[in-house]
Amino acid sequence: MTHLHFFFHGRFAGPNATAVLVAVPPGTNATFNTFGAVIVLDDPLRDGPEASSKLIGKAQGLTAQASQEGTYLLMVVNFVFKAGKYNGSSLAILGRFVPDVSGTERSIVGGSKLIGRAQGLSAQASLDGTALLTAINFVFTEGKYNGSSLAILGRFVPDVSGTERSIVGGTGKFRMARGYTVGNVYIWTASYFVLELDAYIVHY
């Protein structure tokens with residue numbers, strides 16, 4: 001068990017904004033509190049509450065206003081550490097955030113033959129180069145895992161080898177799955193890419 005203590009800093013306005021409203025439902029005012037609003041963020045993680053305190057990482061991901069009654073955000077965020085003993089590591093966070101409630105808990109969920117599909121979304125979630133938040137299902141359509149799926153959540157940087165992402169769940173033969181994937185870019189062009197992936201899975 002490891003205990004980390006740090007401060008999440010966010011700036012919602014001005015030229016140096018680190019959280020940006022990217023979508024609201026048609027016909028509504030563009031505010032962070034509008035039901036259905038989607039915000040992408042690249043917020044600093046610091047070792048203190050002061051803006052001048054040491055930068056130790058970034059919170060990169062997205063949030064969605066998912067309630068018609070008050071501000072209740074669904075958060076899908078990577079905590080990416082850039083200093084200290086955890087430099088180069090990240091945590092994938094998934095859960096509900098209520099700004100005016102203290103002690104809010106969120107989960108750390110941390111071939112040529114067609115064998116399935118990768119279905120999901122990715123969001124460019126960094127102000128410094130290409131660093132994608134990915135929330136994807138690997139859906140298997142062939143072989144002994146046909147009909148099963150793995151839920152993948154994590155950060156993907158195309159020009160970094162050995163990118164790790166968390167396996168946070170699964171269905172069928174991968175029910176209750178946990179683990180991680182390691183990916184390497186095999187081909188990457190403006191219109192086409194191939195990734196080499198290894199998945200390490202614990203499941204029932």
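Residues numbered from 1 in each chain as written. Predicted model: local features only at pLDDT ≥ 70, side-chain atom pairs only at ≥ 80, totals over all residues. Heavy atoms only, no water.

As annotated in an unreviewed UniProt entry, the protein carries the name Dirigent protein and comes from Musa troglodytarum. Per UniProt, the protein has the following entry under Subcellular location (unreviewed entry): "Secreted, Extracellular space, Apoplast". Its UniProt record gives the protein a comment under Function (unreviewed entry), which states: "Dirigent proteins impart stereoselectivity on the phenoxy radical-coupling reaction, yielding optically active lignans from two molecules of coniferyl alcohol in the biosynthesis of lignans, flavonolignans, and alkaloids and thus plays a central role in plant secondary metabolism." (UniProt positions renumbered as here; feature names shortened; annotations may be inferred.)

1. Description of the overall build of the protein
Within the protein, the regular secondary structure consists of 0 helices and 13 strands. If you list the helices and strands of the protein from N to C, you get β-β-β-β-β-β-β-β-β-β-β-β-β. Taken over the C-alpha trace, the protein has a radius of gyration of 18 Å; the compact-globule value for 204 residues is 17 Å, and the two agree within 12%. Seen through its C-alpha atoms, the protein measures out along the principal axes to roughly 50 × 45 × 40 Å. Looking at the protein residue by residue over its 204 residues, the buried ones come to 35%. Carbon together with sulfur atoms contributes 54% to the accessible area of the protein, which is approximately 12500 Å² in total. Each charge class in the protein was averaged separately, 16 positive and 13 negative side chains, and the resulting centres sit 6 Å apart. (Helix = DSSP H or I, 4+ residues; strand = E, 2+ residues; numbered from the N terminus. Rg over C-alpha atoms; globule rule 2.2 N^0.38 Å. Buried < 20%, exposed > 50% of the residue type's maximum accessible area, 1.4 Å probe, protein only. Areas by Shrake-Rupley, 256 points an atom, 1.4 Å probe, with all protein chains shown as cover. Lys, Arg positive; Asp, Glu negative; His and termini not counted. Charge placed at Lys NZ, Arg CZ, Asp CG, Glu CD.)

2. Some words on the pattern of salt bridges
By the definition in use, this model includes 2 salt bridges. The salt bridge partner of Lys 58 is Asp 42, with a shortest N-O separation of 3.5 Å. With Lys 58 in strand S4 (residues 55-65) and Asp 42 in strand S3 (residues 38-46), this pair connects stretches of sequence that are 16 residues apart. Residue Lys 58 shares its accessibility class with Asp 42, and that shared class is buried. A salt bridge links Lys 58 to Asp 128, with the nearest nitrogen and oxygen atoms 3.4 Å apart. Here the residues in one salt-bridge network are Asp 42, Lys 58 and Asp 128, joined through shared partners. (Salt bridge = Lys/Arg side-chain N within 4 Å of Asp/Glu carboxyl O.)

3. With respect to unusual backbone geometry
Phi is positive for Met 176, close to 65°, though the residue is something other than glycine. With respect to the helices and strands, Met 176 occurs in the loop between strand S11 (163-171) and strand S12 (178-188).

4. Overview of the environment of Leu 62
On the secondary structure map, Leu 62 appears in strand S4. We classify Leu 62 as buried; its relative accessible area is 16%. Ignoring sequence-local partners within four residues, the contact set of Leu 62 consists of Ile 39, Val 40, Leu 74, Met 75, Val 76, Val 77, Leu 121, Ala 123 and Leu 133. (Contact = heavy atoms within 4.5 Å.)

5. So, the packing of aromatic side chains
Summed over all chains, the structure comprises 9 aromatic pairs. Note on Phe 6 and Phe 79: the rings are 5.5 Å apart at their centroids and 85° apart in plane angle, and the pair reads as edge-to-face. You can see Phe 6 sitting in the segment before strand S1 (7-8) and its partner Phe 79 sitting in strand S5 (residues 73-81), a full 73 residues away along the chain. Of the residues examined, Phe 79 reaches a relative accessible area of 10% and is grouped as buried. The rings of Phe 6, Phe 8, Phe 79, Phe 81 and Tyr 86 are connected pair by pair, giving a single aromatic cluster. (Phe/Tyr/Trp six-rings, centres within 6.5 Å; stacked < 30°, edge-to-face > 60°.)

6. Section: the nonpolar core
Grouped together as the largest cluster of nonpolar side chains are 12 residues: Ala 19, Ile 39, Leu 41, Leu 45, Ile 56, Ala 59, Leu 73, Met 75, Val 77, Phe 79, Phe 81 and Ile 93. Sorting the residues of this core by element identifies S3, S4 and S5 as the ones contributing at least two each. By size, the runner-up hydrophobic cluster in this structure holds 10 residues, among which are Val 40, Val 109, Ala 125 and Leu 133. (Core = buried A, V, L, I, M, F, W, Y, C linked by side-chain atoms within 4.5 Å.)

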